[in-house]
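# Remarks on the overall topology
Here are the chains, one letter per residue:
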Amino acid sequence: MSTDIVETATDPIEALSGRLFAAGVEALELCNVYLGVQLGLYAALDGRPATPAELAARTGLARRYLGEWLQQQAVAGLLVPDGDDPAAARYTLADGVAAVLTEPTGPAYLGGLPFAVAAVGRVLPDLARAFRTGDAVPYAAYGPDALSAQSALNRPAYVNLLIADWLPRIPAVHARLADTGRPARVGDFGCGPGWSTIELAKAFPHLRLEGYDSDEASIAAARRNAAEHGVADRVGFEVVDLADEGADWSPRHDVSFLFECLHDVPRPVESLAHVRRALAPGGTVVVMDERTADTFTAPGDPVERFFAAAGTLWCIPQGMVGADPEPAGPLMRATTLREFAARAGFGDCEVLDIDHPFWRFYRLVP
Ligand SMILES: C[S@@+](CC[C@H](N)C(=O)[O-])C[C@H]1O[C@@H](n2cnc3c(N)ncnc32)[C@H](O)[C@@H]1O
């Protein structure tokens, strides 16, 4: 079997075995990328090519392991060696590696992806058990790599697109946020580590913002992030379960956001109804969620395949918590979201004209 089979095989058995072999290679290579990001190896090599001995001296890591890793990365095409002897060669980052793996706020950064795979690896036995019992595998069980993944995956979009591209395409919301005479109060529900909240706070220094998430580790990280970015005086973060009827849903938010969390929550309709209840008169909700195909599409394109694969391993097991969970999962269609919005009492749900390969945006008004 060779990887050429992936492109050339017409026999379905050969084609599938070739495809799975290639997937196995990519999965193992992604785990090596995890080590490179986690241990700061790409950053250590950025602009400073090194031999195994030099990289060991620079990082304090074990030379035998680094020698093998450098060789592996060169074989995989992420590093370029300057000679034939792997132990003596000096290794340089291949074109593109710095942007994709060393710049956490850069638009191309993808260093969070291997952390998601690592977090899933940790809970695979739990997932097999959960398939038998129907129980949840809570977010916290995925360990710290899960939060690192979540933190890193969406942050580049918030830093590069939220203020500069997305908000100007929602003029009424943008104008409300920019109104210094009548500072808006903003809710960011399912805020995770708070990067969206923090970018909003930095862009609109007159706003007061509140981020909510049911995950304690995420809220602790969000508070740390806000303090580091100098916005903690205007941004509060609280552990709140969106489905909790007993939480404070008194009317107060002029603009509320749900960034890529509605498909994850165990009770999407109740959650949306609570967000609606917490709106001040005239308030608006903006939802960002997966840009799924309009209908069940099999086989799907790579983005749809990513959503489908994340659903079984991440979103559904994490969403099966609490009483009578009915998480929508990342294959939530626009029609489903519209139905949720209507059942939660919203009078209108508009799909916004914002183009992004992964996300679709909605504006909900009561
Ligand atoms: C895919 S993450 C998105 C996080 C953040 N908005 C971002 O874009 O980085 C989904 C978030 O929803 C949160 N979540 C799930 N169920 C929730 C619930 N019932 N109440 C509040 N937050 C919830 C998770 O803890 C997680 O932080």
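Residues numbered from 1 in each chain as written. Predicted model: local features only at pLDDT ≥ 70, side-chain atom pairs only at ≥ 80, totals over all residues. Heavy atoms only, no water.

Right, let's get into helix 4 (residues 52-59). Those residues of helix 4 not exposed but buried are Pro 52, Leu 55 and Ala 56. In a view along the axis of helix 4, the buried residues occupy a sector of 100°, so they form one face of it. Tucked into the core, helix 4 has its buried residues touching helix 3 (41-45), helix 5 (63-76) and strand 2 (91-93). Backbone geometry just downstream of helix 4 places Gly 60 in the positive-phi region, at approximately 75°. (Buried < 20%, exposed > 50% of the residue type's maximum accessible area, 1.4 Å probe, protein only. Helix = DSSP H or I, 4+ residues; strand = E, 2+ residues; numbered from the N terminus. Arc of directions from axis to C-beta. Contact = heavy atoms within 4.5 Å.)

If you check the shell around the ligand, you find 19 residues, and the closest are Asn 154, Tyr 158, Gly 190, Asp 213 and Phe 259. Between the ligand and Asn 154 there is a distance of 2.8 Å, counted from an oxygen atom to a side-chain nitrogen or oxygen. For the ligand, a nitrogen atom lies 2.9 Å from a polar atom in the side chain of Asp 241. Relative to its unbound accessible area of 580 Å², the ligand is 92% covered by the protein chains. (Near = heavy atom within 4 Å. Polar contact = N/O pair within 3.5 Å; in protein donor to acceptor, adjacent residues only side chain to side chain. Areas by Shrake-Rupley, 256 points an atom, 1.4 Å probe, with all protein chains shown as cover.)

An order of 5-4-3-6-7-9-8 is seen for the seven strands of this open sheet, with the pairing classed as mixed. Both outer strands of the open sheet, strand 5 (235-239) and strand 8 (348-351), are each paired with one neighbouring strand and no more. Across this sheet, the average inter-strand angle for adjacent strands is 20°, counted without regard to direction. With respect to the sheet, helix 11 (residues 216-228) is in contact with strand 4 (208-213) and strand 5, its orientation differing from that of strand 5 by roughly 170°. (Pairing = 2+ DSSP bridges. Axes fitted to C-alpha atoms, helices over the stretch in contact; angles between N-to-C directions.)

To continue, consider the nonpolar core. Judged by nonpolar contacts, the single largest core of 39 residues is most densely connected at Tyr 42, Leu 45, Leu 55, Tyr 142 and Trp 314. Top element by residues in this core is helix 7 (residues 113-133). It accounts for seven residues. Both of domain 1 (3-101) and domain 2 (113-365) provide at least three residues apiece to this core. Apart from the residues lying within four places of it in its own chain, the contact partners of Tyr 142 are Ala 119, Val 120, Arg 122, Val 123, Leu 127, Val 137, Leu 313, Trp 314, Pro 317 and Gln 318. Leu 209, Ala 222, Val 231 and Phe 361 belong to the second largest nonpolar core, which has 33 residues in total. (Core = buried A, V, L, I, M, F, W, Y, C linked by side-chain atoms within 4.5 Å. Domains from an automatic or database assignment.)

Overall, the coordinates contain 16 salt bridges when judged by the stated rule. Residues Glu 245 and Arg 277 are paired through a salt bridge, measuring 3.1 Å at the closest nitrogen-oxygen approach. Of this pair, Glu 245 sits in the loop between strand 5 and strand 6 (253-259) while Arg 277 sits in helix 12 (residues 268-277), and the two are 32 residues apart along the sequence. Relative accessible area serves as the criterion here: at 41%, Arg 277 is assigned to the partly exposed category. What you see here is one network of salt bridges that share partners, running through Arg 185, Arg 208, Glu 210, Asp 248 and Arg 252. (Salt bridge = Lys/Arg side-chain N within 4 Å of Asp/Glu carboxyl O.)

The next subject is empty space enclosed by the protein. Using the criterion set out here, one finds one cavity of 30 Å³ or more in the structure. Of the volumes computed, that of the largest cavity is approximately 30 Å³. Mapped by element, the contributors of at least two residues to the lining of the largest cavity are helix 8 (144-166) and strand 6. Classifying every residue of the lining of the largest cavity gives eight nonpolar, no polar and no charged. (1 Å grid on protein atoms, 1.4 Å probe; cavity = no way out; pocket = protein on both sides within 12 Å on 5 of 7 lines; lining within 4 Å. Points joined across faces, edges and corners; volume = space filled by probe spheres on them. Nonpolar A, V, L, I, M, F, W, Y, C, P; charged D, E, K, R; others polar.)

Let's shift gears to the domain arrangement of the chain. Per the domain assignment, the segments of the chain are domain 1 (3-101) and domain 2 (113-365). Between the C-alpha centres of domain 1 and domain 2 the distance comes to 33 Å. Contact with domain 1, which involves six residues of that partner, is made by seven residues of domain 2. Carbon and sulfur atoms make up 77% of the surface buried where domain 1 meets domain 2, a total of about 560 Å² over both sides. When the area that domain 1 buries against domain 2 is broken down by residue, the three leading residues are Arg 19, Leu 30 and Tyr 34, summing to 71%. The interface formed by domain 1 and domain 2 contains zero salt bridges. Run the count over domain 1 and domain 2 and you get one residue pair in polar contact (both at pLDDT 80 or more). When its residues are assigned to classes, the side of domain 1 that touches domain 2 shows four nonpolar, one polar and one charged. (Buried area = accessible area lost by both parts, 1.4 Å probe.)

A few words now on the packing of helix 2 (residues 12-38) against helix 7. Packing of helix 2 against helix 7 leaves a shortest axis separation of 8 Å and a crossing angle of 115°. As summarised for this structure, helix 2 and helix 7 are arranged roughly perpendicular, according to the angle between their axes. Handedness of the crossing formed by helix 2 with helix 7: left-handed. Contacts between helix 2 and helix 7 involve Leu 30, Val 33, Tyr 34, Val 37 and Gln 38 on the former and, on the latter, Leu 113, Pro 114, Phe 115, Val 117 and Ala 118. Of the residues assigned to the contact of helix 2 with helix 7, the class counts are nine nonpolar, one polar and no charged. (Parallel < 35°, antiparallel > 145°, perpendicular 65-115°, else oblique. Left-handed = near helix turned anticlockwise from the far one by under 90°.)

Inspection of the entire model under this criterion finds 13 aromatic pairs. Residues Phe 257 and Phe 259 carry aromatic rings whose centres are separated by 5.1 Å and whose planes lie at 10° to one another, so their mutual orientation is stacked. Using a relative accessible area of 1% as the deciding quantity, one classes Phe 257 as buried. Look at Phe 259 and you get buried, because its relative accessible area is 5%. An aromatic cluster of three or more residues is present, and its members are Tyr 158, Trp 166, Phe 257, Phe 259, Trp 359 and Phe 361. One residue, Arg 155, lies across the ring of Trp 195, its end atom 3.7 Å from the ring centre. (Phe/Tyr/Trp six-rings, centres within 6.5 Å; stacked < 30°, edge-to-face > 60°. Lys NZ or Arg CZ within 6 Å of the ring centre and 35° of its normal.)

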